[in-house]
Amino acid sequence: MDGVLNPPLKLLDSYKKSHVTIDDHEISIYVCGITPYDATHLGHAATYLAFDLINRYLRASGRSVWFIENITDIDDPLLERAQRDNQDWKALAHSQIDLFTEDMSALRVRPPQRYKGVVESMEEIIEIVSEHIESGLTYNIDGDIYLDLKKVPRSLEKLPYPIDEALAIFRERGGDPDRTGKSHPLDPLLWRAHRDNEPSWSAPFGKGRPGWHVECVAIAMRNIDHKPSAQTSTITMQGGGSDLIFPHHYMTAVQAESLTHLPFAKAYIHAGMIGLDGEKMSKSRGNLVFVSKLLQQGVSPMVIRCALIMSHYQSDRMWNSELLNTAQTFIAKVEQCLARTEVAPTSDLIKQIAESLSDNLDTPKVFALLNKWCAQTEAGEVGGSAGELSRALDTYLGLAF
Ligand code: ZN
């Protein structure tokens, strides 16, 4: 398992729609974390597992990885839920963050070097909003500060969707395209002036709270220790679920680039969505499946992990009990094979596992290879090392046998 021999990681970028090779020695990954009001459903888990596989592969390849994840601990859905349940929003956020970190550790997701909350980053966020104002890129409607996209070169020319679709998605995901007085309907809100019953912070440009995207701009720009080589971008990779492609990651990049004049990230990588029994899994449908509930029901965390990584991370896929059965059967079979004194050859298998992962995390191929190895072992083939394979499964896939 000599890391140097691992092929460089190629990942499919959501905006370029082509593969980007992650070959820097020092790599910074910024993943958008949870809004702590309904943690951790299987969609969250699948996303963080995808970036865990990326993190594991890069580390196994001898790269130095700086991994940071934010926690959106002040946001409309969090405040709405706290108000609905008559609960203090900070207490709600703390309890959900604890639950999330417990779930992640049960699933053996390597913790980031830094979890950074929005509330603790307020000073940095205010600095970034000030920089935008000083650069003459903003305008103000009743104290709410917007970024004027028409003043940011090319920001409206590379939208990932046709404008009508972009507007619809923007509206659906917290944007306010119809607000009177906006210069362009897609202009993102940088600072929301104080409203009654909303938490607020003092800033030189007025009391209020930050808009969504600027939080991640500030946290990423102020907390990344590892810069991509030759400083061709601010960070190496920005990641999250595919529902963040637009507007969140698009607007994050536009805002950061308007200040740095550098591409924000070298690669934008997104994980697919998880549905349930043929339907989209969502809070409004009330069909979210929570990791903690499955664990309480006695499902092994390794089975959950395996069930979520068996399919390709970028595919939208369905969750059902069948998937848990398949994962359970697979794990039992590998366990039995690894317990044998003689096993089928493993050196080439490990090499092929690394090659498949380097190819945009082709986990379906990895699982097919492992199934084949089990069949060969059961058929009496010899020459491999169960210990060597078991260490590789832990290193690359986070599956501990
Ligand atoms: Zn974010």
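Residues numbered from 1 in each chain as written. Predicted model: local features only at pLDDT ≥ 70, side-chain atom pairs only at ≥ 80, totals over all residues. Heavy atoms only, no water.

Draft legend 1. Molecular detail of the overall build of the protein. Looking only at helices and strands, the protein features 13 helices and 14 strands. In terms of overall size, the protein behaves like a compact globule, its C-alpha atoms giving a radius of gyration of 22 Å where 401 residues would be expected to give roughly 21 Å. Each principal axis of the C-alpha atoms in the protein carries an extent, and together these give about 75 × 50 × 35 Å. For the protein, contacts bridging at least 24 residues in sequence account for 77% of all contacts bridging at least 6. Total accessible area computed for the protein in this model is approximately 17000 Å², and 49% of it derives from carbon and sulfur atoms. Taken as two groups, the 40 positive and 53 negative side-chain charges of the protein have centres that lie 2 Å from each other. (Helix = DSSP H or I, 4+ residues; strand = E, 2+ residues; numbered from the N terminus. Rg over C-alpha atoms; globule rule 2.2 N^0.38 Å. Contact = heavy atoms within 4.5 Å. Areas by Shrake-Rupley, 256 points an atom, 1.4 Å probe, with all protein chains shown as cover. Lys, Arg positive; Asp, Glu negative; His and termini not counted. Charge placed at Lys NZ, Arg CZ, Asp CG, Glu CD.)

Draft legend 2. Highlighting the domain arrangement of the protein. If you check the domain split of the protein, you get domain 1 (3-274) and domain 2 (321-401). Its C-alpha centre places domain 1 at a distance of 35 Å from the equivalent point of domain 2. Tallying the contact residues gives 15 residues for domain 1 and 15 residues for domain 2. In total, about 1200 Å² of surface goes out of reach between domain 1 and domain 2, with carbon and sulfur atoms giving 60% of it. Here Asp 394 makes a salt bridge to Arg 108, at a shortest N to O gap of 3.0 Å. (Domains from an automatic or database assignment. Buried area = accessible area lost by both parts, 1.4 Å probe. Salt bridge = Lys/Arg side-chain N within 4 Å of Asp/Glu carboxyl O.)

Draft legend 3. Just the sheet that holds strand β7 (residues 144-147), in detail. Spatially, β6-β7-β8-β9 is the arrangement adopted by the four strands of the open sheet, whose pairing is antiparallel. Looking along the sheet, the strands with just one partner apiece sit at the ends: β6 (138-141) and β9 (208-210). Averaged over all pairs of adjacent strands, the angle between strand axes in this sheet comes to 20 degrees, irrespective of strand direction. Sheet topology note: the strand β8 (residues 189-193)/β9 ladder contains three bridges and is antiparallel. If you follow Trp 191 over to β9, its bridge partner there is Pro 210. (Pairing = 2+ DSSP bridges. Axes fitted to C-alpha atoms, helices over the stretch in contact; angles between N-to-C directions.)

Draft legend 4. Looking closely at the sheet that holds strand β12 (residues 274-276). Strand order in this open sheet of three strands is β13-β12-β14, and the pairing throughout is mixed. Each of the sheet's edge strands pairs with one partner strand only, and the pair in question is β13 (279-280) and β14 (317-319). The pairing of β12 with β14 spans three bridges and is parallel. Among the inter-strand pairings, Gly 275 is bridged to a residue of β14, identified as Met 318.

Draft legend 5. Local environment of the coordination of the zinc ion. Coordination of the zinc ion by the protein is provided by Cys 32 (SG), Cys 216 (SG) and His 248 (NE2), with metal-donor distances spanning 2.0 to 2.1 Å. Positions of the donor residues of the zinc ion, expressed as sequence spacing, correspond to C-x183-C-x31-H. Of the two residues, Cys 32 is situated in the loop between β3 (26-31) and α1 (42-60) and His 248 in helix α7 (residues 245-260); the sequence distance between them amounts to 216 residues. With relative accessibility at 1%, the residue His 248 sits in the buried group. (Donors = N, O, S within 2.8 Å, 3.2 Å for Na, K, Ca; no water. Buried < 20%, exposed > 50% of the residue type's maximum accessible area, 1.4 Å probe, protein only.)

Draft legend 6. Structural context of the packing of helix α9 (residues 301-309) against helix α10 (residues 321-338). Where α9 meets α10, the axes come as close as 8 Å, and the angle between the chain directions of the two elements is 110 degrees. By the angle between their directions, the pair α9 and α10 is classed as roughly perpendicular. As for the relative orientation of α9 and α10, their crossing is right-handed in sense. Across the interface between the two elements, Met 302, Val 303, Cys 306 and Ala 307 of α9 pack against Leu 323, Leu 324, Ala 327, Gln 328, Phe 330 and Ile 331 of α10. When the residues that make up the contact of α9 with α10 are grouped by side-chain class, the tally is nine nonpolar, one polar and no charged. (Parallel < 35°, antiparallel > 145°, perpendicular 65-115°, else oblique. Left-handed = near helix turned anticlockwise from the far one by under 90°. Nonpolar A, V, L, I, M, F, W, Y, C, P; charged D, E, K, R; others polar.)

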